[in-house]
Amino acid sequence: MTPYESDDGRDAGETEDLRAGRRKASRYVVPVAVVGVAAATIGIVPALADSGDPDLPKISAQQLIEKIAASDVQQLSGTVKIDTDLGLPDLGGLGNGLGSGFGGAGRGPGAGGDGSAADPSARLTELASGSHTLRVAADGPDRQKVSLLEDTAEYSLIHNGKDVWGYDSESNEVYHSTVDDTPRGKGADEDGSRGTGRQEGLPATPSDFAAEALESVDDTTSVTVDGTVHVAGRDAYKLLIKPRQSGTTVGAISIAVDARTGTPLKFTLTPATGGAAVVDVGFTKVGFTAPAASTFDFTPPRDAQVTEDEGHGRAGTGAAVPGSGKGLAKGLDGMKVLGKGWNTVATFDTGGSGAPSGSEVGGDLGGFLDSLGDHVNGTFGSGTVFSTRLVNALITDDGKVYIGTVDKDTLVRAANAGR
C-alpha cells in the first residue's frame, strides 16, 4: 500500500480530508499539556469496530478521528489515575540526592534548590513512575485546575485568567506566574481554535497524551478501531495505533474515545517487548458540566512562602511524547532530528565529555553508574546506552546525545549515520 492510500480505494481527496481531520483532532482534544511534534500526515487502515460491550454503532477509524475533531467540550471535571512503569532503577537515597542537586525532584521545604517546591516543573518528575491520582477540572480556555492527591498532602496547579498558581500543601510553598490575557474571543484557543485551551504543567488527562499520539503518527502507522469498552461508566470506542516500523520500543497505543462527546477517556501505551503498560492514564470518574466557579479561586495562605516567576512565562514544562524523538529534546539549542516516524531520534551536543564512567567517578557510585548502561562502539566512536522500557539514550564519550523511543541497535545505527 502506498502512503496515504487506503485498501478500500479511498481517493486522494478523501485522504486529504482525513489528514485535515487528524489535524483538527489534535487541536480540539481537552486539555493539551505535552510537547508537540512536527507530523504532517496520518495513514489510516480502515476497520470497523467489532461487536462488544457496550453495543455501539459501527464506526471506522477515519470517522472516529473526525469525531474527536468535532468534539467541542468546554467543561469537565473528574478523577484520573495515572500508572507509569518505565522500568527505571530504584535509586533510593541516591535518587533524592541527585534530584535536589539538579534542582527539582526533591520534596519538602526548599526542594528544587533555589526554586520552589510548588514549581510545576519540579513536580513533573513524580509522574514518571508509580501510580498517582489526579483531580481535574476545566471551564473553557482560561480556567483549569489539576490536583495531585497524596496520602497526607496535595499539590494543585490552577490557571484562572491571567494567573497560574502552584501550591504544595506539604511545604506550604506557592508558585505564581502570569500568562498572556489578551482576549481571544469566547472559546478560542491560542491558535484560534475552540476547546478548553492549553493547560501548561502537569499532563493531566488521557486527552493530553492522545493529542500528541495523533500528531505523531504518519504513513509509518496503522490506525484501526478495536472494539468498544466502558470507561468511568461511559460507553467508548477503542482507537488502536500501532507502528508499522521495526526498531521502535512502542508496541501499541490504545485510546478509549467517549462515544457521545468524542473526548478521550483512557490512554494506554504498551511496549514492543510486551508486559505491563508503560503509561496507563484513564478517568475513573468524569462529568461534562461546568465546575463551580470557586473551584478555580486561590489565595495564598498568610504564612506560605510565595515564589514569583520573574520571567512572566507560562508555568511548567511539557513531557516527552511517546513515539517521537523530536519531543524528547524540544527547546534544546542545536537539536537535530534523525530518521522517520517511530524511528525518529533526537540528537544534540552537550559541548563536553559524555556520561561519567566508573573510571572517572570511582568507588561505589562509579560502579553503580556503569551498571545502569551498556557500553557500545560504532563508527560514531564509543559511548553508553541508558535504557528504560520506552526511551533509550546513547551518550557518547565526546558528549553527544542520541535519544528516542527506539531500541539500542536502532539508536546505534542512528548515531553511526549522524556522526
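This text goes with the structure placed above it.
Quick notes on the rules
Residues numbered from 1 in each chain as written. Predicted model: local features only at pLDDT ≥ 70, side-chain atom pairs only at ≥ 80, totals over all residues. Heavy atoms only, no water. Pairing = 2+ DSSP bridges. Helix = DSSP H or I, 4+ residues; strand = E, 2+ residues; numbered from the N terminus. Axes fitted to C-alpha atoms, helices over the stretch in contact; angles between N-to-C directions. Phe/Tyr/Trp six-rings, centres within 6.5 Å; stacked < 30°, edge-to-face > 60°. Salt bridge = Lys/Arg side-chain N within 4 Å of Asp/Glu carboxyl O. Buried < 20%, exposed > 50% of the residue type's maximum accessible area, 1.4 Å probe, protein only. Polar contact = N/O pair within 3.5 Å; in protein donor to acceptor, adjacent residues only side chain to side chain.

Quick word on the sheet that holds strand S13 (residues 336-338)
1) Next: The sheet built from six strands is open, its strands ordered S13-S14-S18-S17-S16-S15 with antiparallel pairing. Edge positions in the sheet fall to S13 and strand S15 (373-378), since each has one partner strand and no second. This sheet shows a mean twist of 25° between the axes of neighbouring strands, independent of strand direction.
2) Next: Pairing of S13 with strand S14 (residues 345-349) involves three bridges; the strand directions are antiparallel. Bridge assignment links Leu 338 to a residue of S14, and that residue is Val 345.

Digging into the packing of aromatic side chains
1) Next: Considering all chains together, one arrives at two aromatic pairs under this definition.
2) Next: Relative to Phe 298, the ring of Trp 165 lies with its centre 5.4 Å away and its plane at 50°, an arrangement referred to as tilted. Within this pair, whereas Trp 165 is found in strand S5 (residues 163-168), its partner Phe 298 is found in the loop between strand S11 (279-287) and strand S12 (305-308), the two being separated by 133 residues in sequence.

Section: unusual backbone geometry
1) Next: Unusually for a residue other than glycine, Asn 172 sits at a positive phi of about 60°.
2) Next: By secondary structure assignment, the location of Asn 172 is in the loop between S5 and strand S6 (173-178).
3) Next: One non-glycine residue with positive phi stands out, namely Ala 232, at about 55°.
4) Next: For Ala 232, the position within the fold is in the loop between strand S7 (221-231) and strand S8 (234-243).

Points about the sheet that holds strand S4 (residues 154-160)
1) Next: What the 12 strands build is an open sheet, ordered S7-S8-S9-S10-S11-S1-S2-S3-S4-S5-S6-S12; its pairing is mixed. Only two strands of the sheet have a single partner each, and these edge strands are S7 and S12. Within this sheet the neighbouring strands show an average axis-to-axis angle of 15°, counted without direction.
2) Next: Bridge analysis of S8 against strand S9 (residues 250-258) gives six bridges, and the strand direction is antiparallel. Bridge pairing in S9 places Ala 236 opposite Asp 258.

Focus: the pattern of salt bridges
1) Next: Following the criterion strictly, the structure yields 11 salt bridges and no others.
2) Next: The shortest N-O distance in the salt bridge between Arg 389 and Asp 85 comes to 3.2 Å. With Arg 389 in the loop between strand S16 (381-387) and strand S17 (392-396) and Asp 85 in strand S1 (residues 75-85), this residue pair connects regions lying 304 residues apart in the sequence.
3) Next: Notably, a salt bridge pairs Arg 135 with Glu 154, separated by 3.3 Å at the nearest N-O pair. Of the two residues, Arg 135 is situated in strand S2 (residues 129-139) and Glu 154 in strand S4; the sequence distance between them amounts to 19 residues.
4) Next: For Arg 135, a relative accessible area of 39% translates into the label partly exposed.
5) Next: When its relative accessible area of 27% is taken as the criterion, Glu 154 is described as partly exposed.
6) Next: Sharing partners across several salt bridges, the network here consists of Asp 349, Asp 398 and Lys 400.

Quick notes on the side chain of Asp 168
1) Next: Relative to the helices and strands, Asp 168 is located in strand S5.
2) Next: Within polar-contact distance, the side chain of Asp 168 engages the side chain of Ser 171 at 2.6 Å.

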